[in-house]
Amino acid sequence: MLAIPTTPHDIADPEEDDQMDAELLQPGQRIAALTGLTACGEIGDRLAFAGGVVVDADASQLAGGAGGETVDATGWIALPPLADLHAHLDKGYTWTSFGQPEGSLDDAIACWIDHGEHHSSDDIKTGARRHLVAALHAGVTAVRSHTNYHLGDDPLRGVRALIELRDEFAGIVDLQIVASPGASDGPDDLGRAAVALGIDLIGGFPHLAEDPRADLERNAAFAEEFGLGVDLHTDETLDAASTGLAELAARTRHWPAGVIRSAGHCVSLSMQDAETRARTLAAVAEAGVSIITNPLTNLYLQGWQHPVATPRGIPPLREILAAGITLAAGGDNVQDPFNPLGNADMVDVASELVVAGHLTPAEAWHVSSHGGRAAFGLPPARGRVGDVADVVLVRAAHTAEALAERAPDRIVIRDGRVIAVRRRVVSSVLDLRALPTPPSAPTSEGALL
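Residues numbered from 1 in each chain as written. Predicted model: local features only at pLDDT ≥ 70, side-chain atom pairs only at ≥ 80, totals over all residues. Heavy atoms only, no water.

**Quick word on the packing of aromatic side chains**
Describing an aromatic ring pair means giving the distance of the ring centres and the angle of the ring planes.
Thinking step 1. Considering all chains together, one arrives at 2 aromatic pairs under this definition.
Thinking step 2. Taken together, a centroid distance of 5.8 Å and an interplanar angle of 85 degrees make the contact between Tyr300 and Trp304 edge-to-face.
Thinking step 3. Residue placement shows Arg130 over the ring face of Tyr93; its charged tip is 3.8 Å from the ring centre. (Phe/Tyr/Trp six-rings, centres within 6.5 Å; stacked < 30°, edge-to-face > 60°. Lys NZ or Arg CZ within 6 Å of the ring centre and 35° of its normal.)

**Quick look at helix H1 (residues 105–115)**
Thinking step 1. Restricting attention to buried positions, one finds in H1 the residues Leu105, Ala108, Cys111 and Trp112. Along H1, the residues classed as buried sweep out an arc of 125 degrees about the axis, all on the same side. Structural note: H1 exposes Asp106, Ile113 and Asp114 on the side pointing more than 90 degrees away from its buried face.
Thinking step 2. On its buried face, H1 is in contact with strand S8 (140–148) and helix H8 (295–301). (Buried < 20%, exposed > 50% of the residue type's maximum accessible area, 1.4 Å probe, protein only. Helix = DSSP H or I, 4+ residues; strand = E, 2+ residues; numbered from the N terminus. Arc of directions from axis to C-beta. Contact = heavy atoms within 4.5 Å.)

**Quick notes on the pattern of salt bridges**
Side chains bearing opposite charge may pair, as long as their charged atoms lie close to each other.
Thinking step 1. Taken as a whole and assessed by the stated rule, the structure comprises 24 salt bridges.
Thinking step 2. Between Asp174 and Arg414 there is a salt bridge whose closest N-O contact spans 3.1 Å. Of this pair, Asp174 sits in strand S9 (residues 174–180) while Arg414 sits in strand S16 (residues 410–414), and the two are 240 residues apart along the sequence.
Thinking step 3. Since its relative accessible area comes to 19%, Asp174 is described here as buried. (Salt bridge = Lys/Arg side-chain N within 4 Å of Asp/Glu carboxyl O.)

**Things to note about the environment of Met271**
Thinking step 1. Checked against the element boundaries, Met271 lands in the loop between strand S12 (261–265) and helix H7 (274–287).
Thinking step 2. Using a relative accessible area of 35% as the deciding quantity, one classes Met271 as partly exposed.
Thinking step 3. In this view, Met271 contacts Leu238, Ala240 and Pro311; residues no more than four positions away in its chain are not counted.

**Brief notes about the side chain of Ser262**
Thinking step 1. Here Ser262 lies in strand S12.
Thinking step 2. The buried category is assigned to Ser262, whose relative accessible area is 0%.
Thinking step 3. Among the polar contacts made by the side chain of Ser262, one reaches the side chain of Ser290 at a distance of 2.6 Å.
Thinking step 4. Ser262 has contacts with Arg144, Val230, Asp231, Leu232, Leu248, Val289, Ser290 and Ile292, leaving out every residue within four places of it along the chain. (Polar contact = N/O pair within 3.5 Å; in protein donor to acceptor, adjacent residues only side chain to side chain.)

**Some remarks on the confidence of the model for the protein chain**
Thinking step 1. Summing up the model confidence of the protein chain, the mean pLDDT is 89 and the portion of residues at 70 or higher is 89%.
Thinking step 2. Low pLDDT, under 50, characterises residues 7–16; the predicted model gives this stretch 10 contacts beyond four residues in sequence or across chains. (pLDDT = per-residue confidence, 0-100.)

Right under this line is the structure:
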């Protein structure tokens, strides 16, 4: 498990009777209360924590001490923590070593097949740890990652690497592991070995199989055998005839409510007519299937064959929400053959949900936080009394500004304790305070401030 300082010797405490400025917070410090917040969404100007949950700030004694610091958070907003529900930790940061490829989904898969055999267990673990640390600094406290059965003599090396990291990051970043066999992998022999190692969910790519319906049945039956849920790459194609989402809903509608069934991508839904979409979404809502959209990667991978009026590759997000379906989001790929530009920051994903998905900033953060936690099976972290004491402090006036500015200053609080701090430090010759003398004359643009 990652070590975070927790003792008075590790952290210099301010005077107990004084409120601490949020700017001075460091990882490891415990928070009793936040005051002076800029109200944002459901969270007002104060939050209080006790026993790992949010308590009534009005009924609490807002004073520091054994329960933690009382923090002056003037100039900050408190937002729910982010959740990345579709990652590929076993592939991260391979774009350069795999030849800097570019192209469609088919091109990326071909590149992975060409190079994946030489991607060692150490390579996987190094990239995955880097990804999780970046996510933590960004305020992502839950990640669901797929891993392939890898080419070469040790096909389960990705599974083992992620299980080790799941233990290492326990209590800081929750990690769910999805073992995703290809159409030629099994799932029988390798799948049984992966289950024995301790995976959380069964994955797969039915839309890539010669018989998608048979592949879906294979994965669903295997999950049922072991009492596990599924998270399947579903309809990641612009072909409107791909109807795996509706088939997944039909196949899992009888499953108990607590068993996870998630569909990632669902790109073909954006190409189908209104009647088909409505029928499919009604079935998905009834079956309790969650949908995970991955805008960054699908904007990159889809539409290479359509240079004019290029399809966006994003499902109809507002229709999904209106149908009462749990909608989550994922960063998907981080600097690998499937996306050279991912960075493990769900703020970038939420921003694309606004720009390309046409959600409001508040809706986009909701999908990237509440929606992800619900699909993951985590308790709510909305800032309401009784919710877990998990928030992300962002120096911004509102959610739209946080997304527009990419929230450079963030303080991540989990279980009432600071677990990460990210601050922007900038300077330039245009900062008058840093210059020995002021400019000789103002410019036509006015003074440089």
